Structure formats: structure tokens, C-alpha cells
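# Per-entry structural report
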Amino acid sequence: MARVFSGIQPSGELHIGNYLGAVQNWVKLQHQHDCLFCVVDLHAVTQPYDTATLAQRTTDMAIGLFASGIDPARAVVFVQSHVPEHAELYWLLNTVTPLGELERQTQFKDKAQRQESVPAGLLNYPVLQAADVLLYEATLVPVGEDQLQHLELMREIARRWNTRFANGFSFPEPQALLSTAKRVLGLDGQAKMSKSLGNTIALFDAPETIWEKLKPAATDPARVTRKDPGNPEICNIFTIHQGFSPPATLTLVAHNCRTAGWGCLDCKRVLADNMIAALTPIRERAERLQAEPRRVADLLRAGAAKARALARRTMTQVRRRMGFLEAADQGGGAV
Ligand code: TYM
């Protein structure tokens, strides 16, 4: 069994890009591997945010994960800031991370462009991400395509730490695991689906909202009139179909697109029906969990306790290899 780790920011809205690119895969992986899934609130504070809503958004994201099918009896689900070892390992990994690599990260460049004053936390964001994964010696990281550059840097950081400090203990080099919908575009078809761009379908959108959003959504740009044949391979609606429709429907959709047997609206209606069928039970489970905040808090407390036990073991090894004086209360055991 491999160790799997992945994270999601508490943006407050789980959208179908997150779901198809990552979370749907997490639900499958929990049956095959030893999985940890984390709501990464420390990452979320690297950009301007509202302190009044961060805690609720964190709870809501955890509810979204449970409602999507992550089973707390199979996978460890927890909040990043509840396990302080993430911040400690982050600091130590900073000491082996090349500044030039951080400055080259496209996500950093994009986000920095949108801010007047760029905080160092935004630059160091991928180091914290490396700490998240390496803390649990995870080898598989199920993510969307936008995270690949961070994963590449994570491996580089692991190699550099290992070269300098490994001695009986070393970090494995984690691999990304992509889903078929590794890059879901927004409904405008212009950029990746992202809450900050306002081009999403949320996992908890009502059925009418889903249909209203799908109707005008961009399809194959070359399909101008109803009679033009389309190409499902370059159509974002087909990418979304792949996450929600069974194989026989996909074959039918692809055929009717290529032959112009269906218009885009016909294709979208089938998609809307399948999406609504898949998302309605998720929305209903989330509503039930929303009504039980104590239960959610208990699940997250239990998740953090399990994660912390693993994290502490790694940190004992890391501190020793890096030559720190052991504190009496760090539980490292007598030498
Ligand atoms: P975040 O919160 O932006 O997104 C969570 C996951 O959803 C995927 N995703 C998408 N996939 C396909 N199409 C899209 N339009 C789309 N939008 C989002 C993301 O790739 C991601 O897998 N830095 C990470 C969080 C993180 C993390 C980690 C991930 C922190 N530490 C350690 C893995 C391992 C992020 O911002 O994800």
C-alpha cells in the first residue's frame, strides 16, 4: 500500500474542477492506499482573505470532502494548522530550497502580479506544500495539472535535503497522480475553472443553477453553427462529461458531436441530467453534515491526532539528521 497525500485550500467553494481534477480520484484511492487528505488553511492565508470567515470555510471544505465520499474510517482528513509540524518542516526545508526555483513558479508569478505588495509567504508557498507531503513520506499525490510544477519542485527539495542530510532516513520522491479531467476549463472556456475567476459550477449548486450555468458554457470553439461537426477532444463540456457520464453515454455523445447529430445544447442537457444525479446525493449529505458541526469537529480532531502521530515521528528523524539538540519533551526517546 502506497502512502497518498493531497490538499485543498479552504476557498469556501468546492467546484467541479476540484472534484473531477482531484477529489473524485481521492475517493477511489482511499480504497486502495493509505490516504491523508488535508484542508490547507496555512496556504490559504498567503493571499488576501477574510479572517471572519476562514474558520467556517475550513469546516465547509471538510464537509465537502466527507460529502463527496471521503470516508473518515478509511482516510485521514484533517486541517493543516492543527498539525504544527507542517510549519516546522516547512521552515527546515526552506533552508535547502533554491530561491531561483521559487521565483520561476508560474503560480507565484500569476498570483504576485495580482498583488500590490507581494508577501514572502506567496513565494514560499511551494515549500509548505513540499512539507505537507514529505512530512508523511507520501509517494503519491493526486492533483490537477496546475500542481505539476509544484510537484517537480517538491522532488527537487527532497533530493537536496537527502543529499545534505540523509543517513538511514531519507524522503521518498513523490509522484503526481493525474485524473482524466486533469485540467477542467471554466465555463467561459478561457482559463482553468477557479473560484477566483468566477467561472465555476459549485458542487453544491442547485439543479436549476447547474442548467442555467451550462447552457451558455463554451464548447468546441470551431463549432459555430448547429450543422458544424464538433471535436469532443477539444471540448470542455466533453471533459466534464467524462467525469459524470457512463462509458456508453460518452460513446454516444462523441459520435453525435462528430456527426453533428446533436447540437451542443442536446449534449449539455444529457450532461446536466447526469451531473444533477451525481451531485444531488453529495449536496444532501453536505446539508446533513452542516447541521452537525460538533460531529464534523470531532472527525477533524481525530484526523489531526492520527496525522500528528505520523508527523511527530518524521520530525524526530529530521531534527536528528539536521543535528538539533533534542529537547526533553519532544518524545524522541533516549539516544
Ligand atoms: P487547490 O485548492 O487550488 O485545488 C485543489 C485540487 O483541485 C485541483 N484543481 C483542478 N483540477 C482540474 N481542473 C481545475 N480547473 C482545477 N482546479 C483545481 C488542483 O490541482 C488540486 O489538486 N496547492 C494546492 C493545495 C495543496 C496541496 C498540498 C496539494 C497544498 N499542499 C500538498 C497536494 C499536496 C492547491 O492550491 O490546490
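So, here is what we can say about the structure in this document. (Residues numbered from 1 in each chain as written. Predicted model: local features only at pLDDT ≥ 70, side-chain atom pairs only at ≥ 80, totals over all residues. Heavy atoms only, no water.)

Burial in helix α9 (residues 207–214) covers these residues: I210, W211 and L214. Considered in projection along α9, the buried side chains sweep an arc of 95 degrees and stay on one side of the axis. Check the buried side of α9 and you find it contacts α10 (236–244) and α12 (264–290). (Buried < 20%, exposed > 50% of the residue type's maximum accessible area, 1.4 Å probe, protein only. Helix = DSSP H or I, 4+ residues; strand = E, 2+ residues; numbered from the N terminus. Arc of directions from axis to C-beta. Contact = heavy atoms within 4.5 Å.)

With that out of the way, let us pick up the environment of R312. On the secondary structure map, R312 appears in helix α13 (residues 293–322). Residue R312 is classed as partly exposed on the basis of its relative accessible area, which comes to 45%. Counting along the chain gives 16 residues from R312 to V296, while the straight-line C-alpha distance between them is 24 Å.

Let's shift gears to the pairing of strand β2 (residues 34–39). Across the six residues that make up β2, a large majority, five, are buried. For the segment spanning strand β1 (residues 3–8), helix α1 (residues 16–29) and β2, crossover handedness is right-handed. Where β2 lies against strand β3 (residues 75–79), five bridges are found, and the strand directions are parallel. Bridge pairing in β3 places V39 opposite V79. (Right-handed = clockwise from strand over helix to strand, strands pointing away. Pairing = 2+ DSSP bridges.)

At a closest axis distance of 11 Å, the pairing of α1 and α10 adopts a crossing angle of 50 degrees. Accordingly, the angle class assigned to the pair α1 and α10 is oblique. Seen from above, α1 lies across α10 with left-handed handedness. Side by side, α1 and α10 meet where I16, Y19, L20 and Q24 of the first sit next to I240, G243 and F244 of the second. Of the residues that constitute the contact of α1 with α10, the class distribution is five nonpolar, two polar and no charged. (Axes fitted to C-alpha atoms, helices over the stretch in contact; angles between N-to-C directions. Parallel < 35°, antiparallel > 145°, perpendicular 65-115°, else oblique. Left-handed = near helix turned anticlockwise from the far one by under 90°. Nonpolar A, V, L, I, M, F, W, Y, C, P; charged D, E, K, R; others polar.)

Between its terminal C-alpha atoms α13 stretches 41 Å, which fits the 44 Å expected from 30 residues at 1.5 Å a residue. Along α13, the positions that sit buried rather than exposed are V296, L300, G303, A304, A307, A311, T314, M315, T316, V318, R319 and M322. Among the residues trailing α13, G323 stands out with phi positive, at a value near 90 degrees. (Expected span 1.5 Å × (residues − 1).)

Next up on the list: the pattern of salt bridges. Going through the model one piece at a time under the given rule, you end up with 18 salt bridges. The shortest N-O distance in the salt bridge between R269 and D273 comes to 2.8 Å. A residue pair is termed a helical-turn pair when its members lie 3 or 4 positions apart in one helix, as R269 and D273 do in helix α12 at four residues. Among the residues examined, R269 registers a relative accessible area of 32% and is labelled partly exposed. Using a relative accessible area of 41% as the deciding quantity, one classes D273 as partly exposed. A salt bridge links R295 to E292; the nearest nitrogen and oxygen atoms lie 3.2 Å apart. Judged by its relative accessible area of 33%, E292 is partly exposed. Taken together, the salt bridges that share partners define one network made up of E156, R159, R160 and E173. (Salt bridge = Lys/Arg side-chain N within 4 Å of Asp/Glu carboxyl O.)

Turning next to the pairing of β1. Of the pairings in the sheet, the one linking β1 to β2 comprises six bridges and is parallel in character. Across the sheet, the residue bridging to G7 is C38, located in β2.

Topologically, T314 is positioned in helix α13. The exposure class of T314 is buried, given its relative accessible area of 3%. Along the chain, T314 and Y136 lie 178 residues apart, while their C-alpha atoms are 7.2 Å from each other. Filtering out sequence-adjacent residues up to four positions away, T314 remains in contact with L134, L135, E137, F169 and F171.

Taken together, 27 residues surround the ligand, and among them Y125, D132, G144, D146 and V184 come closest. Y125 is positioned such that a nitrogen or oxygen atom in its side chain is 2.7 Å from a nitrogen atom of the ligand. One nitrogen or oxygen atom from the side chain of Q147 is found 3.1 Å from a nitrogen atom belonging to the ligand. If the ligand stood free it would expose 710 Å²; the protein chains cover 95% of that surface. (Near = heavy atom within 4 Å. Polar contact = N/O pair within 3.5 Å; in protein donor to acceptor, adjacent residues only side chain to side chain. Areas by Shrake-Rupley, 256 points an atom, 1.4 Å probe, with all protein chains shown as cover.)

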